[in-house]
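Descriptive analysis of the structure
Here is how the chains run, residue by residue.
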Amino acid sequence: MAKFQLPKRVVRFAVTPVVLFTLAVFLTIIPSTFAKQQKTNSPNGFHIPINKPPATTPQKLLEQGEALYQTGRFTEAVIILQQAVRTYQRESNNLAKAAALTNLSVVYQQLGSWKEAYATIDNSLNLLGWDEINQKLNVSNPKSELLEILAQTLNIQGELQLAQGQTDASIKTSQQAEQIWKKLGDTAGVTRSQINQAQALRVAGFYHRSLNILEEVSKQLQAQPDSVVKVTALRSLGNVLQQLGELESSQKNLQQSLEIAQRLQLPLEISLTEFSLGNTTRLLSNIKDASAHYENAAKIAPNPLTKVQALINQLSLLVENERITEAKSLIPTIQSQLPNLPTNQAGIYARINFAQTLTTIGNKKDIAEMLASSVQQAKIIGDERAESYALGSLGEVYEQNQQLQEAQDLTQQTLFIAEKINASDIAIALSGS
């Protein structure tokens with residue numbers, strides 16, 4: 001078997017590793033969700049200024065930006081929201097400008113434009129008077145309108161931190177948002193913040209703590225009308241139950257989430273829940289239903305990431321069941337979508353999972369290059385978990401290729417990062433005990 005070498009410049013990026021996740025096929029990161037504006041009828045929680053001005057030009061721009069976001073036209077949404085920001089700036093309306101900047105940050109996240117996403121969310125928080133270093137609001141007697149926008153902006157910041165793999169920062173930010181929602185007496189806002197905390201705990205591996213939060217949230221939501229928050233909570237609960245092996249309960253909650261999303265006609269939520277149902281039914285050995293769920297998820301997905309995640313899991317299902325011809329027919333479709341993936345934790349995991357799935361039917365050199373690229377991307381965004389996952393997967397490929405020294409070196413790097421992550425996770429666990 002011909003050997004291949006990892007380029008030296010990539011090795012330099014790989015010197016600082018992470019935790020090797022098992023069950024890579026089933027590893028899914030829930031994308032950031034839009035803040036829910038409780039006082040409007042916005043279908044998917046786009047953050048609209050609270051004072052509800054008349055149908056002014058900037059207000060219409062925000063609504064247009066939301067419509068573009070919902071259909072996956074992110075680049076166009078950026079242009080529209082930038083116009084809204086400039087208009088509010090000319091009007092010296094800082095609250096509305098902060099809200100528009102928060103929405104703009106969400107769209108930048110979807111594009112993988114992380115520098116811009118952080119800059120806009122920081123700008124929004126500065127306008128609101130939030131002291132990032134001391135984690136407090138430097139405003140005397142703030143009005144409820146300001147607090148509501150601040151809480152939603154902190155929610156979005158927490159989701160941004162989670163998408164970048166900064167789980168402890170995400171948890172702390174979501175807890176700050178929760179405290180503000182409690183002060184406002186807004187139970188829906190509290191629920192959204194709790195869901196964000198549960199998702200961050202889930203990503204960090206604290207499944208039981210995540211489950212405790214989500215079960216309580218689910219109980220509170222059962223008596224409430226259908227909403228995107230209810231869809232998200234039930235799906236999150238289903239995902240955690242899935243990872244704890246409670247598969248029948250997982251399927252029940254996910255099915256309820258799907259039915260609500262379908263009634264509300266929310267394409268992204270439908271796609272995400274179909275994907276999760278595919279994972280659960282797959283673990284239940286119901287291959288036919290799993291394949292159908294993955295196919296449905298890919299068809300309705302409004303963005304490349306969700307589509308690719310579903311296609312990769314469908315590919316791995318075919319490979320697992322030795323339907324190689326069908327599997328190979330999916331590969332070009334997935335490859336054509338890879339350049340469109342965001343450079344975030346979910347995008348990196350999708351590339352790694354694709355590479356892992358190809359190990360039995362693909363070229364080892366191509367697979368190694370894909371994983372080496374994932375190591376670089378994880379290093380660039382400072383996501384040690386994703387970096388560790390990529391390094392561990394790359395080590396396995398080297399081992400399969402009988403390059404044992406290289407495999408050992410990568411394993412050592414992975415263990416080094418794992419120790420760093422474990423120390424951080426222990427601190428989180430102690431803080432929540």
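Refer to the structure above for everything that follows.
Residues numbered from 1 in each chain as written. Predicted model: local features only at pLDDT ≥ 70, side-chain atom pairs only at ≥ 80, totals over all residues. Heavy atoms only, no water.

Regarding unusual backbone geometry
For clarity, the threshold we go by: Numbered from the N terminus, helices here are DSSP runs of H or I no shorter than four residues, and strands are runs of E no shorter than two.
Phi is positive for Gln265, close to 55 degrees, though the residue is something other than glycine. Relative to the helices and strands, Gln265 is located in the loop between helix H11 (247-264) and helix H12 (267-283). Although it is not a glycine, Glu322 sits at a positive phi angle of roughly 60 degrees. With respect to the helices, strands and loops of the structure, Glu322 is situated in the loop between helix H14 (304-320) and helix H15 (324-337).

Details of the nonpolar core
Filter applied, for reference: Among the buried residues, those of types Ala, Val, Leu, Ile, Met, Phe, Trp, Tyr and Cys that are joined through side-chain atoms within 4.5 Å form a nonpolar core. Each residue gets one of three labels from its accessible area relative to the maximum for its type: buried under 20%, exposed over 50%, partly exposed in between, using a 1.4 Å probe on protein chains only.
Within the largest apolar cluster, 70 residues are counted, with the highest numbers of intra-cluster contacts made by Leu315, Ile334 and Phe354. Top element by residues in this core is H14. It accounts for nine residues. Within the second largest apolar cluster, 15 residues are counted, among which are Ala99, Leu146, Ala151 and Leu154.

Digging into the environment of Ile270
This is how the line gets drawn: Throughout, a residue-residue contact means that at least one pair of heavy atoms, one from each residue, lies within 4.5 Å.
Among the secondary structure elements, Ile270 is positioned in helix H12. Not counting chain neighbours up to four residues away, the residues in contact with Ile270 comprise Leu258, Ala261, Gln262 and Ile300.

Details of the packing of aromatic side chains
Which entries qualify depends on this criterion: Between rings of Phe, Tyr and Trp, where Trp is taken as its six-membered ring, a pair exists when centres lie within 6.5 Å; planes separated by under 30 degrees are stacked, by over 60 edge-to-face, and by other angles tilted.
This structure, assessed with the given rule, holds two aromatic pairs. Their ring planes at 50 degrees and their centres at 6.0 Å tell us that Phe275 and Tyr294 sit as a pair that is tilted. Of this pair, Phe275 sits in helix H12 while Tyr294 is found in helix H13 (residues 287-300), placing the two residues 19 residues apart along the sequence. Taking relative accessible area as the criterion, Phe275 reaches 5% and is therefore assigned buried. A ring pair is formed by Tyr349 and Tyr389, whose centres lie 5.1 Å apart and whose planes are at 85 degrees; its orientation type is edge-to-face. Separated by 40 residues along the polypeptide, Tyr349 in helix H16 (residues 345-357) and Tyr389 in helix H18 (residues 384-400) bring together distant segments of the chain. Considered together, Tyr349 and Tyr389 belong to a single accessibility category, that of buried residues.

Regarding H11
Using the following cut-off: Take the residue count of a helix, subtract one, and multiply by 1.5 Å to get its expected span. Here the arc refers to the directions that run from the helix axis out to each C-beta atom.
For H11, with 18 residues, the first-to-last C-alpha span of 26 Å sits near the 26 Å given by 1.5 Å per residue. Looking only at H11, the buried set comprises Leu247, Ser250, Asn253, Leu254, Ser257, Leu258, Ile260 and Ala261. Buried positions in H11, seen along its axis, are confined to an arc of 165 degrees and lie on one side of it. Of the exposed residues in H11, the ones pointing more than 90 degrees away from its buried face are Glu248, Lys252 and Arg263. Buried residues along H11 sit in contact with helix H9 (207-222), helix H10 (228-243) and H12.

Some words on the packing of H16 against H18
Heads up, the condition is: Note on definitions: angles span 0 to 180 degrees between N-to-C directions of axes, and those axes are lines fitted to C-alpha atoms, for helices only across the stretch in contact. Under this scheme an angle from 65 to 115 degrees is roughly perpendicular, one under 35 degrees roughly parallel, and one over 145 degrees roughly antiparallel; angles in between are oblique. Gly is placed with the polar residues, together with every amino acid not listed as nonpolar (Ala, Val, Leu, Ile, Met, Phe, Trp, Tyr, Cys and Pro) or charged (Asp, Glu, Lys and Arg).
Relative orientation of the contacting elements H16 and H18 amounts to 10 degrees, with a least axis distance of 10 Å. The angle between the axes of H16 and H18 places the two elements in the roughly parallel class. Facing H16, whose interface residues are Gln345, Ile348, Tyr349, Ile352, Asn353 and Gln356, H18 presents Arg385, Ala386, Tyr389, Ala390, Ser393 and Glu396. Its residues assigned to classes, the contact of H16 with H18 shows six nonpolar, four polar and two charged.

Details of H13
In a regular helix each residue adds 1.5 Å, so 14 residues correspond to 20 Å; H13 covers 20 Å between its end C-alpha atoms and thus fits that length. For H13, the full list of buried residues reads Ala290, Ser291, His293, Tyr294, Ala297 and Ala298. Take H13 and look down its axis: the buried residues cluster within an arc of 160 degrees, on one side only. Summarising the geometry of H13, the exposed residues directed more than 90 degrees from the buried face are Lys288 and Lys299. Those residues of H13 hidden inside the fold are in contact with H12 and H14.

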